[in-house]
Structure formats: structure tokens, C-alpha cells
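Understanding the architecture of this molecule
Listed here are the chains, written in short residue letters.
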Amino acid sequence: MVVSLGRYILPFCKLDIFGKVQKQFVRHDSLRSSPKILEHLKHKSLLRVRGDKASSFLQGLITNDMKHFEEGAANIYALFLNIKGRVMYDVIVYRSQENDVYYVECDSRAVDSLQKHLKMYRVRRKIDIDNLEDTVNVWVFFDPLSVTSKHNYENRQELEGLIFPCGTLNNKVSRVVDDIMMYQDPRLSDLGIRILADSNIDKAQITKHLNSDILDSTNNITHKAFRYKLGVPEGVEDLPPGKPLPLEVNSDYMHGVSFHKGCYIGQELTARTYHTGVVRKRLMPLLFDKVPNRSFSYDDKILNESGTVVGKFRGIENEYGLGLMRIVESLNAKSLSLLDIQLKVSKPTWWPQESCGQSITVNKKE
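This one's a predicted model, so the numbers in the text were calculated from it and none came from an experiment.

Attention now goes to the sheet that holds strand β13 (residues 301-304). Whenever strands of a sheet pair, they do so through backbone hydrogen bonds, lying parallel or antiparallel. The sheet built from six strands closes into a barrel, its strands ordered β12-β15-β14-β13-β16-β17 with antiparallel pairing. Going across the sheet, the axis of each strand differs from the next one's by a mean of 40 degrees, ignoring polarity. By the bridge criterion, six bridges tie strand β14 (residues 309-317) to strand β15 (residues 320-326) in an arrangement that is antiparallel. In the sheet register, K312 faces β15, and the bridge partner there is L324.

In C-alpha cells form, the structure reads like this:
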């Protein structure tokens, strides 16, 4: 069965405030932007959740607040937690134009278990949960040179690890054309545009609607390497189900956690961590001088010059990696190594620097 996406997408907002975003989505031959990469995310699938109780159903299961959709959001980033407060699945939830229909993007390797998870908590609600992995493909359109500019760090408060309930990005824009749905990534503007398209639509058909020349990701940076360069985790490789803690994987910085909504599964530990005001370990980008000639395992120890463990390995793509790092200790280290391979760690420039509308007292005691 082929799913017609055109009838489900939110109409493109025509307000002047979104004019610049419109130029990103649609080709204007007279004014092309710099070349970007269009990549098919083969490890991504969609679930369709529909029913008159779909919103309240998801509200009780995810870390983010479904009420953002009532305020005009086109999509939101969220996590599903287990009862112990550990991350099970990371998702992007898209609102449909059709009432009470939502698409849930997740890792293809977890789509069956997530579908079972949803059906288990559905109980007697009249909600349909369908797997669309064979009918809809997920693509990403991003600028490999895009990196958020650094803030001015002078005379600022010491905020390493501070928790920021920042709400969501201005992600109220979406567009549909020829059964192709386009959305701004709700986590971070540098991550570009998320595209949902019928499985029979190829790269050339999508490209003709984009305002950019397209680079080949096989000859340039892949989206996975680009995410690692930014310090953004995604999928079961980076977030093995039942292991990560939501704030340590920067879900608050990526607008994926609401600290003001009602109860949801796994909320207690996250709320308790939030009230302490600080997380001392977070996922951070790693950079190797060259592509390592050996493999690493999840949880391999990252050491400073004194041999003290300051982090644990999480993933690698080419020379870019991810590590769960003790923020202050790793940034202050003179050198870092992973199984005798030298590496560097950096604090992402997109992390909040001052405040996001709410002051939180920082506990400076170790």
C-alpha cells in the first residue's frame, strides 16, 4: 500500500516572517545557495499514530509536550523512557494536516520494538499504530559547512553542565510538493531539513525542488559524521535502549524535554536531576587527528594525561566521534587518549551560554 503524503502534511506557512525558510525549501534558479548534501537516511522509519486520543496517548509516553502542536509546531524532538528513566527510543514526531494523525520517526532497528511498546500502552484506546517503513523514506538536506557561530564567552557565568529547559525552536514551517514533505529539524538549525517522501520518489525528484546544488555525501561528509562533529546523538548505536540518561545525551539542549508537562513514563529521575540544577557528564564531540586504524567499543575509557578516566566512548564516523565526558575535567585536560589513540574534545558552540528565560542556581560543590 502506498501512502499519499500530500493529504497529511501541514500547509506551508505564507507569513513574511518565514520568507527566508521558504528559500531554503524551494529552488529559485536565479539565486542558488551554496552546495548542500541530500542523503537518504536508510536506518530511519516512520510509524503512523492515529485516533482521536492520539495526542493524549503520546503525551503520557514522551519527554516533550504535545501541546507544542497546539501552538503551531510542525514537529518536535522527544524521547521514550523506560520506568527507570533511561532512554529507550529517540524520535521526531511530525504533525499531520489530517486531524489526530502523527508520524513518529525512529531508528529502523528499533521500529518493531517501538511499535510493540506503543501497542502495549494503547490498552483499549481506539488508536491505530502502523509501520510505514516500506512506503515512506526519510531524507536529510544539510549544509556540511554549517556550524553555529560561537558566542562571546567573556564575563559570562560558569555554566558547564547547567540544565536549560529551552522549549522548542521556531519550527512551525513545513511544505509539501509532489508527495514530498519538508520540515526544519526541531533539534538544531544546523541539522538542516528533514524530508519525508514516498518510497517511489528518487533523489533526482527531490533535488529539483531544493534551492541548492547537491553534493555527493559519499565523497564528502556523511550526515552521521556531521552529527558527530556537532555532538548530536541519534539511533540505537548512539543511544542503546535502556542505557543512556536523557539529560546526559543533551535532550534538554536539543529542545526534547519539557519540565512543566504532566506525568510520563520515566519522568521521576529526569525531574529529580533537573531540580539539582546541573549535569556534570554530557555527550560531547571527539576529534581524531586521522581516521583511527583500530575499532573501539561502547564504554571504552577515555583518559587524561594522568591516566584518570574523564569520559567513555560512544561512537565514531571517520575522524569524528562522540563521548560521554565529564565536562570540566575533559575540557581542562592537557591531553586525551582512547586505547592509546590521541584525540581532542570540544564544547559544542550550540550549547546554551547564558540563559533561556529561566535562571537556575548552579551547585558548584563537587
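Attention shifts here to the pattern of salt bridges. In the structure shown here, the tally under the stated rule is 19 salt bridges. Residue E234 pairs with R194 through a salt bridge whose shortest N-O separation is 3.3 Å. Residue E234 is found in the loop between α6 (223-230) and α7 (235-238), and its partner R194 is found in strand β10 (residues 193-198); the two are separated by 40 residues along the sequence. Judged on exposure class, the residue E234 and its partner R194 are both buried. Several salt bridges converge on common partners, so that one network encompasses K44, E105, D185, R187, R194, R227, E234 and D238.

Glancing now at the sheet that holds strand β2 (residues 44-50). Taken together, five strands build an open sheet; the order of strands is β3-β4-β5-β2-β6 and the sheet is antiparallel. Bordering the open sheet on either side are β3 (75-81) and β6 (128-131), each of which pairs with just one other strand. On average, each strand axis in the sheet is tilted by 30 degrees relative to the strand beside it, whichever way the strands run. Bridge count for strand β4 (residues 87-95) against strand β5 (residues 101-107) is four bridges, and the pairing is antiparallel. Pairing of R95 across the sheet is with Y102, part of β5. Set on the sheet, helix α4 (residues 111-122) makes contact with β2, β3, β4, β5 and β6; between it and β6 the angle comes to about 175 degrees.

Quick look at unusual backbone geometry now. Phi angles above zero are rare outside glycine, and D100 is one such case at about 60 degrees. Examined against the element boundaries, D100 turns out to sit in the loop between β4 and β5. Taking the relative accessible area as the measure of exposure, D100 reaches 35% and is therefore partly exposed. Positive phi is not limited to glycine here, since D340 has a value of about 70 degrees. Mapped onto the secondary structure, D340 falls in the loop between β16 (336-338) and β17 (341-345).

Residues with a pLDDT of 70 or more make up 79% of the protein chain, whose mean pLDDT is 83. For residues 1-32, every residue scores under 50 in pLDDT, and the model assigns this stretch 85 contacts once sequence neighbours within four places are set aside.

Grouped together as the largest cluster of nonpolar side chains are 53 residues, with contacts concentrated most on L46, L196, I302 and W350. Counting 27 residues, the second largest nonpolar core, distinct from the first, contains L47, I62, Y102 and V104.

This brings us to the environment of S96. Within the fold, S96 resides in the loop between β4 and β5. The spatial distance from the C-alpha of S96 to the C-alpha of A74 is 8.3 Å, given a sequence separation of 22 residues. There is a polar contact of 2.9 Å between the side chain of S96 and the backbone nitrogen of E98.

The next subject is the side chain of D65. Mapped onto the elements of the fold, D65 is located in the loop between α2 (54-59) and α3 (67-70). Put simply, D65 is tucked away with no salt bridge, and the nearest opposite charge, on K67, sits 5.5 Å away. A distance of 2.9 Å separates a polar atom in the side chain of D65 from a polar atom in the side chain of Q59. A polar atom in the side chain of D65 sits 2.9 Å from the backbone nitrogen of K67.

Rules of the game
- Residues numbered from 1 in each chain as written.
- Predicted model: local features only at pLDDT ≥ 70, side-chain atom pairs only at ≥ 80, totals over all residues.
- Heavy atoms only, no water.
- Pairing = 2+ DSSP bridges.
- Helix = DSSP H or I, 4+ residues; strand = E, 2+ residues; numbered from the N terminus.
- Axes fitted to C-alpha atoms, helices over the stretch in contact; angles between N-to-C directions.
- Salt bridge = Lys/Arg side-chain N within 4 Å of Asp/Glu carboxyl O.
- Buried < 20%, exposed > 50% of the residue type's maximum accessible area, 1.4 Å probe, protein only.
- Contact = heavy atoms within 4.5 Å.
- pLDDT = per-residue confidence, 0-100.
- Core = buried A, V, L, I, M, F, W, Y, C linked by side-chain atoms within 4.5 Å.
- Polar contact = N/O pair within 3.5 Å; in protein donor to acceptor, adjacent residues only side chain to side chain.
- Lys, Arg positive; Asp, Glu negative; His and termini not counted.

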